[in-house]
Amino acid sequence: MALLEIENLTKHFFRLSALSRVSLSVEPGELLGVIGPNGSGKTTLFNCVTGVLRPSDGHVRFRGEDITGRTADTVYHRGIARTFQLIQLFPEMTVLENMLVATQEKEGTLLSRLLHREEPEATVRALALLEFLGIAGLEENPASNLSYGQQKLLDFGMALMSDPQLILLDEPMAGVNPTMIKNLVGHILELNARGYTFVVIEHNMEVVMSLCRRIVVLSQGERIAEGTPAEIADNPLVLDAYFGR
Amino acid sequence: MALGRLGLVAVLVLSVGLPIVLDQYKLYVVSLTLVYVILAIGLNLTLGYAGQISLCHAAFMAFGSYAVAILGRRGVPFEVGLVVGVAVAFGWGLVLGFPALKVKHHYLAMVTLGFNIIVFLVLRNWESLTGGSFGISNVARPAWGPLSFKSDRAFYLYILAWATVAVASAYWILSSRWGRAFRAIRENEMRAEVVGVSLRNYKLMAFAIGAAYAGMGGALFAPLLGYIDPGAYTLDRSIQFLMMVVLGGLGRFEGPFIGALVVTVLPEVLRGSEGLYLIIYALSVILMMLFMPKGLVGLWDLAWRSSRSRTSPSTSSGSPR
């Protein structure tokens, strides 16, 4: 059974249709790439899956459960985490607090979160993840003090905090220097080998080609192609979408 | 840490000793400031920490005042009235939290502003219960058998005890995961929801808890003055609380203390300048906002930083900033 199934997903903003009848599925353990020109609906797709936006039509199923139109916190608790194209952090909170807030709602009740104050396991996990991502030692700094690349890594770290089954990465390499790109690609591949499933939106073709075995192409809100990197590179429809006829 | 404890003890000793040295009028101003500190702590939680604007803090305060006044007339002990007032304010805070789930910023300001006006009208017109525009006089101060808090000095200490409860409980709430969730919602609502923070639960709680503190402050306010009438719970008063919280420093734990002190004491100090005092007061508020947008706490930070500019600024994650 597919981990994530998207069926005829449609999103209109007034008359403009940002997504029209997009279907795709993600298998467990996969590393799926989503590419397409600017404005093709990639981020809207992520927003509709994660509950940030309510789709106008269609269905999203995760592990067999219909999660269409659920609120973002519900979707997160079902096991889907994501990062953002434009980094979204809690700038005045410390790096450690940013990490902890990403997992604090996972277990217990509302009341237990008031009464039980110690979070030793979460703290250990947060520090270990920061170490893994190469930004250890910054945990007491406000997130806004971090460099752009470090913030990108923190955003990624937050997505890993709750040990999700599916991680949606929205342009993880945009604006990141080549050394950091290498590191990030390494991290994603390592996590994927450990069993994490990824869907990656990315403009850097080299990265997409090296990360993903399967790629879906969107253009003007529609799915126009799907296949291996080699098939996509030779697909005339894809070339048209990017360069025009 | 040791220095912080020492400071805390010093503040407590000083506040307990204050009634010995102050005359009756000054003691009244200090008591009023303490009551306002409790109220400002509540609004700081709702607005400063959770980022939800509320212009009906005076209405929540009214629930506390009228609960102790109405129940007190029927011989119910003061503390029972206070708990009822806090509970009613908490309940209405929850109700007012629901619009906050749908609307934000100035729209939420309009909703809460409307609520304040409705409460004011109900207080003025429900004469059989509230005494209408004449209000209720001779609001009794608490007494435990032979131990009475009727004198101004004793009642000051009584208020001080509740203020300590308010400060400690607010610290406890804000240093928990709730406090972190509140700040996360304030800083980036969408991101907070995407990492699993339930906006519904925490926004409702932010409103209800903030209102509960207003209820507590209101309950102490009524016997401090001795009489209450709807005129004390208008929009003006709500804006005064807003001013305290903003002047003190939004989302800073020390903010309400500084804000309540300035807003209560400054007009009293300026009273000597006759008719000019309102103008001077308003002007200084405008200047403070222009030059210290982060509130008076910002001034404190500045002094602190320059005194230890060599050391790196790091903050502990345990304390509710």
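Scroll up a little and you will see the structure.
This is a predicted model, so every value here is computed, not measured.

1. Thoughts on the nonpolar core
Then, in step 1: Counting residues in each nonpolar core, the largest one holds 163 residues, and the members touching the most others are Leu39(B) and Ala40(B).
Then, in step 2: It is helix α10 (residues 199-225) of chain B that provides the largest number of residues to this core, a total of 16 residues.

2. With respect to the pairing of strand β3 (residues 31-35) of chain A
All names here are of chain A.
Then, in step 1: Of all five residues making up β3, five are buried, and the element is well covered by its neighbours.
Then, in step 2: Across the two faces of β3 the burial is the same, with Leu 31, Gly 33 and Ile 35 and Leu 32 and Val 34 all buried.
Then, in step 3: Bridge analysis of β3 against strand β8 (residues 197-201) gives four bridges, and the strand direction is parallel. Bridge pairing in β8 links Leu 32 to Val 199.
Then, in step 4: With four bridges joining them, β3 and strand β9 (residues 214-219) adopt parallel strand pairing. The residue bridging Leu 32 from the neighbouring strand is Arg 214, located in β9.

3. A few points about the interface of chain B and chain A
Then, in step 1: Taken residue by residue, the interface counts 22 residues in chain B and 31 residues in chain A.
Then, in step 2: Where the side of chain B that touches chain A is concerned, the elements lending two or more residues are α8 (177-187) and α9 (189-194) of chain B.
Then, in step 3: At seven residues, the largest contribution of residues to the side of chain B that touches chain A is made by α8(B).
Then, in step 4: Split into classes, the residues belonging to the side of chain B that touches chain A amount to eight nonpolar, eight polar and six charged.

4. Thoughts on the sheet that holds strand β1 (residues 4-13) of chain A
Then, in step 1: Spatially, four strands are ordered β2-β1-β4-β5 (chain A) in an open sheet, and the strand pairing comes out antiparallel. With one partner strand each, in any of the chains shown, β2 (16-26) and β5 (65-66) of chain A form the two edges of the open sheet.

5. A closer look at helix α3 (residues 57-73) of chain B
Spacing of three or four residues puts side chains on the same side of an α-helix, whose turn is 3.6 residues.
All names here are of chain B.
Then, in step 1: Taking 1.5 Å per residue as the helical rise, α3 with its 17 residues ought to reach 24 Å, and the 25 Å between its terminal C-alpha atoms agrees with that figure.
Then, in step 2: Burial analysis of α3 places 15 of its 17 residues in the buried class, the great majority of the element.
Then, in step 3: In the stretch just after α3, Gly 75 is the one whose phi turns positive, near 85 degrees.

6. Re the pairing of strand β4 (residues 57-62) of chain A
Residue and element names in this part refer to chain A.
Then, in step 1: As defined by bridge partners, β1 adjoins β4 across five bridges and the pair is classed as antiparallel. Bridge pairing in β4 links Ile 6 to Val 60.
Then, in step 2: Examined bridge by bridge, β4 and β5 share two bridges and lie antiparallel to one another. Note that in β5 the partner of Phe 62 across the bridge is Glu 65.
Then, in step 3: Linking β4 to β5, which pair antiparallel, is a turn of two residues; within it Arg 63 sits at a positive phi near 50 degrees.

So, how was this worked out
Residues numbered from 1 in each chain as written. Chains lettered and ligands numbered in written order. Predicted model: local features only at pLDDT ≥ 70, side-chain atom pairs only at ≥ 80, totals over all residues. Core = buried A, V, L, I, M, F, W, Y, C linked by C-beta atoms within 7 Å. Buried ≥ 20, exposed ≤ 12 C-beta atoms within 10 Å, placed from the backbone. Helix = DSSP H or I, 4+ residues; strand = E, 2+ residues; numbered from the N terminus. Pairing = 2+ DSSP bridges. Contact = placed C-beta atoms within 7 Å. Nonpolar A, V, L, I, M, F, W, Y, C, P; charged D, E, K, R; others polar. Expected span 1.5 Å × (residues − 1).

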